[in-house]
Amino acid sequence: MLFHNTEILYLFQQFYFSVPQNSIDIFFRNQVILLPVLLLYAKTERILIMKFSQDLQETMKYLNNELHTDRNFDVVYRVLTIGGKNACLYFIDGFTKDDTLLKLLQALSSIQADRMPKDAHSFSKQYLPYGEIGLIHESSEMVLQLLSGVSCLFIDGYDACLTIDCRTYPARGVSEPEKDKVMRGSRDGFVETLVFNTALIRRRIRDPKLSIEIMTAGESSHTDIAICYMENRVDQKLLSTIKKRIRDLEVDALTMNQESLAECLFPYKWFNPFPKFKFSERPDSSAASLLEGNIVILVDTSPSAMILPSSVFDIIEEADDYYFPPITGTYLRLTRMTISALSLFLTPTWLMFMQNTELIPDWLAFIRLSDPYNVPLIWQLLILEFAIDGLRLAAINTPSMLTTPLSVIAGIVLGEYSVKSGWFNSETMLYMAFVTIANYSQSSFELGYALKFMRVILLLLTAVFDVWGYITGFVIAVCAIVFNKTIAGKSYIYPIIPFSWKELKKRFFRGRLPVIPESQNVKR
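Keep in mind that this is a model prediction, so the values were computed, not measured. (Residues numbered from 1 in each chain as written. Predicted model: local features only at pLDDT ≥ 70, side-chain atom pairs only at ≥ 80, totals over all residues. Heavy atoms only, no water.)

Enquirer: Help me understand the packing of helix H14 (residues 326-355) against helix H17 (residues 426-438), please; the structure alone is not making it clear to me.
Expert: To characterise two packed helices, one gives the angle between the axes of the helices and the distance between these axes. Running from amino to carboxyl end, H14 crosses H17 at an angle of 160°, the nearest separation of the two axes being 9 Å. Here H14 lies roughly antiparallel to H17, going by the angle between them. Helix-helix and strand crossings are classified by hand; for H14 and H17 the assignment is left-handed. Each of Ile339, Leu342, Ser343, Leu346, Thr347 and Trp350 in H14 lies in contact with H17, whose residues at this interface are Glu427, Thr428, Tyr431, Met432, Phe434, Val435 and Ala438. Broken down by class, the residue content of the contact of H14 with H17 amounts to 9 nonpolar, 3 polar and 1 charged. (Axes fitted to C-alpha atoms, helices over the stretch in contact; angles between N-to-C directions. Helix = DSSP H or I, 4+ residues; strand = E, 2+ residues; numbered from the N terminus. Parallel < 35°, antiparallel > 145°, perpendicular 65-115°, else oblique. Left-handed = near helix turned anticlockwise from the far one by under 90°. Contact = heavy atoms within 4.5 Å. Nonpolar A, V, L, I, M, F, W, Y, C, P; charged D, E, K, R; others polar.)

Enquirer: Explanation requested: the packing of aromatic side chains in the structure shown.
Expert: The description of two aromatic rings rests on the distance between their centres and on the angle between their planes. Across all of its chains, the model carries 10 aromatic pairs by this definition. Between Phe313 and Phe508 the ring centres are 5.7 Å apart and the planes differ by 65°, which places this aromatic pair in the edge-to-face class. Taken together, the positions of Phe313 in helix H12 (residues 312-316) and Phe508 in helix H19 (residues 501-508) put the pair 195 residues apart, joining distant regions of the chain. Relative accessible area serves as the criterion here: at 9%, Phe313 is assigned to the buried category. A network of ring pairs unites the aromatic residues Phe52, Tyr77, Tyr90 and Phe154 as a single cluster. (Phe/Tyr/Trp six-rings, centres within 6.5 Å; stacked < 30°, edge-to-face > 60°. Buried < 20%, exposed > 50% of the residue type's maximum accessible area, 1.4 Å probe, protein only.)

Enquirer: Help me understand the side chain of Glu318, please; the structure alone is not making it clear to me.
Expert: Inspection of the secondary structure assignment puts Glu318 in the loop between H12 and helix H13 (320-323). Residue classification places Glu318 among the buried residues on the basis of a relative accessible area of 17%. Sequence-distant contacts of Glu318, that is, excluding residues within four places in its chain, are made with Arg336, Ser441, Gln442 and Ser443.

Enquirer: How should I be thinking about helix H8 (residues 194-204) in this particular structure?
Expert: All of the buried residues in H8 are Leu194, Asn197, Thr198, Leu200 and Ile201. The arc that holds the buried residues of H8, viewed along the axis, is 150°, so those residues lie on one side. Relative to its buried face, H8 has exposed residues pointing more than 90 degrees away, namely Val195 and Arg203. Tucked inside the fold, the buried residues of H8 contact strand E6 (210-217), strand E7 (223-230), helix H11 (283-291) and strand E9 (295-299). (Arc of directions from axis to C-beta.)

Enquirer: Looking at this structure, how should I read the sheet that holds E9?
Expert: One key point about sheets: their strands pair by backbone hydrogen bonds, in either a parallel or an antiparallel sense. Sheet architecture is open: 5 strands sit in the order E6-E7-E9-E10-E8, paired in antiparallel fashion. With partners counted over all chains shown, the strands left at the sheet margins are E6 and strand E8 (278-280), one partner each. Going across the sheet, the axis of each strand differs from the next one's by a mean of 25°, ignoring polarity. Pairing of E8 with strand E10 (residues 305-308) involves 3 bridges; the strand directions are antiparallel. Directly across from Lys278, in E10, lies its bridge partner Ile307. Strand contacts of helix H10 (residues 257-265): E7, E8, E9 and E10, with the helix running at about 130° to E9, the strand carrying the most contacts. (Pairing = 2+ DSSP bridges.)

Enquirer: Help me understand the pattern of salt bridges in this model?
Expert: Working definition: two side chains of opposite charge can pair if their charged atoms are close together. Enumeration according to the criterion identifies 19 salt bridges in this entry. Where Arg167 meets Asp165, a salt bridge forms, and the shortest distance between an N and an O atom there is 2.9 Å. For Arg167, a relative accessible area of 27% gives the class partly exposed. A salt bridge links Arg172 to Glu192; its shortest N-O distance comes to 3.0 Å. Here Arg172, found in the loop between strand E5 (161-164) and H8, pairs with Glu192, found in the loop between E5 and H8; they are 20 residues apart in sequence, far enough to count as distant. Three or more residues joined by partner-sharing salt bridges are found here, namely Glu317, Glu318, Asp321, Arg333 and Arg336. (Salt bridge = Lys/Arg side-chain N within 4 Å of Asp/Glu carboxyl O.)

Enquirer: Sorry if this is basic, but what is going on with helix H4 (residues 56-67) here?
Expert: Its 12 residues give H4 an end-to-end C-alpha distance of 16 Å, which sits within 8% of 16 Å, the value for a rise of 1.5 Å per residue. Inspection of H4 places Leu56, Thr59, Met60, Tyr62, Leu63, Asn64 and Leu67 among the buried residues, and these make up the whole buried set. Packed against the buried residues of H4 are strand E1 (75-82), strand E2 (85-92), helix H7 (139-147) and strand E4 (151-155). The N-cap of H4, judged by a side-chain oxygen 3.1 Å from the amide nitrogen of Gln57 a few residues on, is Asp55. Directly beyond the C-terminal end of H4, a positive phi value near 50° is found at His68. (Expected span 1.5 Å × (residues − 1). Polar contact = N/O pair within 3.5 Å; in protein donor to acceptor, adjacent residues only side chain to side chain.)

Enquirer: It is not clear to me how the confidence of the model for the chain should be interpreted in this structure. Could you clarify?
Expert: Low pLDDT means the predicted coordinates in that region are not meant to be read closely. Per-residue confidence for the chain gives a mean pLDDT of 84, with 87% of residues at or over 70. Ranking the elements of the chain by mean pLDDT puts helix H2 (residues 21-29) last, at 41, and E9 first, at 95. Below a pLDDT of 50 lies the segment residues 1-48, which in the model reaches 45 contacts outside its immediate sequence neighbourhood of four places, other chains included. (pLDDT = per-residue confidence, 0-100.)

Enquirer: I'm lost on the packing of H14 against helix H15 (residues 377-397) in this one. Help?
Expert: In the contact formed by H14 and H15, the axes pass within 10 Å of each other and the chain directions differ by 165°. In terms of axis orientation, H14 runs roughly antiparallel to H15. When the axes of H14 and H15 are compared, the crossing they make is right-handed. The residues of H15 that touch H14, namely those facing Thr347, Trp350, Leu351 and Met354, are Leu377, Ile378 and Leu381. Here the residues of the contact of H14 with H15 are counted per class, giving 6 nonpolar, 1 polar and no charged.

Enquirer: Honestly, the pairing of E10 in this entry has me stumped. Any pointers?
Expert: It is a general feature of regular strands that their side chains alternate between the two faces of the sheet. Residues Ala305 and Ile307 line one face of E10 and the alternating positions Met306 and Leu308 line the opposite face, and both faces are buried. Bridge analysis of E9 against E10 gives 4 bridges, and the strand direction is antiparallel. What sits directly across from Leu298, in E10, is Ala305. Between E9 and E10, which pair antiparallel and follow one another directly, the connecting turn spans 5 residues, one of which, Thr301, has a positive phi of 75°.

Enquirer: Any chance you could explain the sheet that holds E2 here in plain terms?
Expert: One open sheet holds the 5 strands; their spatial order is E1-E2-E4-E5-E3, and the pairing between them is antiparallel. Looking at the sheet topology across the chains shown, the edges are occupied by E1 and strand E3 (133-136). With strand direction ignored, the average angle separating the axes of adjacent strands in the sheet is 25°. Across 4 bridges, the pairing between E3 and E5 is antiparallel.

If you want it as structure tokens, here you go:
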């Protein structure tokens, strides 16, 4: 097992952060024993870095032991002869395009012994016409590539591994997302395969300034993370911060893909429920955000994009605002904002009026209770808040064939009979039904639950402290929005704070598509 200077440096870094400082000083005083200690540490901690030798049998013995080919049925190795030399091909069953690999093997088997190049680099140039070919000299990188689906070829007499990227992943079609549906527009959506998602963005932005950088995170998972941005429009300071935070991640795996990454990127102010990121499963929305100067992060195995920085206006905004004419888009946007605000304040305001009926103006006299109540109104509202979430969870776990009949049964039992039994008043059911439907007027689950949490706090404060509780809850909800910050450290409600009338008009009113001046077109 041979080590290079870079590998010794890597071992020393691992060793330095795991051994007490006084021990490090002792080793530095006697540098002769430092390298043997590092090698012993590598063996103990299973940090195995091997430089491939020209002996194929030695390489196969090491890899079969490291990959546990006797136990892992899906790690396949095939011994063959290429140009009169022994060779071995490693690949993961299910990750390889069989037809491509078959054609390559047929071509390799026809090579004559007298035409074999002297080194792996020359061999790859002469006999591997496939597009994605690489050379690897270290075992750690080779194992990672293999477990990612790349086929690895070893030939006796060559001290490098030839990687052949003919992998394929199980993937579903790029159909329209269930959550981010639109009334008009494209019907494709992100899937769980990272390469497909980057292709959907490239298809919409054919500009060399679009950069897509790949990074990995997770000691065990080595999850691929793609950072997409427009080089001439992105906030370079924010981009550098995001890259540094991803590089410095010390996690075993991104188990919940994007949510795990979001918690690692922004661990601050977890108590504020309003979302710091916008998630979208639509490539058109992601492409539009890139053109606005935002950063889009794609995580392998996740069918959604994380867009940052995102203000509350970015999160409320939807693709339908732009797939219709300006006046229709403006109407849809203002309607969505109004309904979201009503979903937060409707039931607390009604409860406050019911506790202080003398405050109800004459033109709102019809909101009074028509029947006496048996259960206090605050308990009716809280029970319905949690019952609706229970129904939502039940709908997710209900088999599709039973969804319709169970929905009818739930509607009859929980609607009509809950009122007749005396548990709920009809007015309480009406307002909670509106709030439930209003939560679906915008596509962000995170924003919907943030409004729900603020609404519950408002209800509790109003029930306990009456009018002053309602005012306090209102102030808390407003402060949670106003004092929230984006990941870039900017205002969550820009352009209200700091105020910009020009940008504020764009947030509330959908304008026409901007036209590039003729002078800029000439420069291009």
